[in-house]
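Residue strings, one per chain:
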Amino acid sequence: MAGSLEFIKSTSGTSVSSLSVTDCFSADYDVYEISLVDGQLTTGVANWVLEFLDSSGTPITTGVYDRAFLTLRAYNTFLETKGTGLGNYTFGYVNASESNGFEMFVYNPYSSSDYTFLNYQHSSFVPSNGGYGNKGIGVMKSAQTVTGIKLSGTSGTFSSIAVSVYGVK
Amino acid sequence: MAGSLIKIDEFTVSSPIASVILGGGSSGSSGLNASIDSTYDVYMVKINNMIPSTDYLLGAFRFTESGTPNTTSNYDRAGKVLKGNAVFQNAGYVNEPQGYITDDRNGTAGNESTQLIMYIFNANNSSEYTFCTVESTSRNASGDLLGRQGGNVLTVASGVDGVQFYYVGGNIDTGSTFTLYGLKK
């Protein structure tokens, strides 16, 4: 029997400042699962920056992102982060010593009449401290067609980065 | 290779309706006569665009046994309520008459909807409680982002064959889509 989690595409890069996964959303699915399977900087530390791509592949950077995530730290207290009307969705943690990953569900990105919602779980490691993760939600408050995503860091260059996108039929 | 996430049941609301049952055999909303049974150990529910037909309604669920919702006060929940514009909340309660999916009310002003992924465990094992995880992302009736990360348990050792979703005190509106999957053993 055919399964209902259908692979759409994988995109990866080395020595890049960002990675765009273009044309991964379509009218074929309402809900998508995105896997970050590798992400590591050449040096330093940063937070992940997610931007959705509009119908022409241009990042949507107007103040339409709301976010809320809980940061779980093995070595310290948990933290709450929230915000509304942001220019992108910044979350998580990426560094040069260890890779990290997240699983994210994205809802209704291709619909021109619905907002695009997301939720995710992220796992990482902070050198000299310990395990680090996020449980988060978000919404891009613009009813427009989203065709892909762009991932970057708040600073730095990725030595390696790889993302896979699946449709949940 | 065949996939391992298998769609079992699906229902899209075409006119306002009091509740939707996924699985539950002949009580199911789709008419597919689908059930949660021993075919799979773990089931997944996907909800997309669950919206109320009247403003300010709270989304909830109950498990079904032989197609009938279990309405006893045996639902426990524990989770973190994430909010885009306010302090997060710990939500821990025992012996409630139903499970909740967002911990706040959806509205009708547009995109005040709920999206959800739920994994269900031990459902069809009549000697075990039924557990589920809840991961929701939504906007409340004021247009504020919120969601829940946590879980629920029905503290009854019974054979669960489906799950019912509804808004407390109102109807689910047109366009809300509910899907049940099995995770292949």
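Residues numbered from 1 in each chain as written. Chains lettered and ligands numbered in written order. Predicted model: local features only at pLDDT ≥ 70, side-chain atom pairs only at ≥ 80, totals over all residues.

For the rest of this paragraph, the subject is the overall build of chain B. Of regular secondary structure, chain B possesses zero helices and 13 strands. Put simply, chain B runs from its N terminus to its C terminus through helices and strands in the order β-β-β-β-β-β-β-β-β-β-β-β-β. Expected size for 185 residues packed as a compact globule is a radius of gyration near 16 Å; at 15 Å, chain B falls within 12% of this value. Projected onto its principal axes, the C-alpha coordinates of chain B cover approximately 40 × 35 × 35 Å. The 185 residues of chain B split such that 52% are buried. Considering only residue pairs separated by 6 or more positions, chain B has 72% of its internal contacts joining residues 24 or more positions apart. (Helix = DSSP H or I, 4+ residues; strand = E, 2+ residues; numbered from the N terminus. Rg over C-alpha atoms; globule rule 2.2 N^0.38 Å. Buried ≥ 20, exposed ≤ 12 C-beta atoms within 10 Å, placed from the backbone. Contact = placed C-beta atoms within 7 Å.)

A few words on the interface of chain A and chain B. Taken together, the contact between chain A and chain B spans 31 residues of the former and 26 residues of the latter. Here the side of chain A that touches chain B is composed, by residue class, of 15 nonpolar, eight polar and eight charged. (Nonpolar A, V, L, I, M, F, W, Y, C, P; charged D, E, K, R; others polar.)

Residues and elements named next belong to chain B. Although it is not a glycine, tyrosine 56 sits at a positive phi angle of roughly 65 degrees. Examined against the element boundaries, tyrosine 56 turns out to sit in the loop between β3 (42–50) and β4 (57–65). On the basis of neighbour count, tyrosine 56 is assigned to the partly exposed category, with 17 C-beta atoms found within 10 Å. Positive phi, close to 55 degrees, is recorded for asparagine 95, a residue that is not glycine. With respect to the element layout, asparagine 95 can be found in strand β7 (residues 89–96).

A separate point is the confidence of the model for chain B. Looking at chain B, the pLDDT average stands at 97 and 99% of residues meet or exceed 70. Both scores are available for the predicted complex, with the pTM at 0.97 and the ipTM at 0.95. (pLDDT = per-residue confidence, 0-100.)

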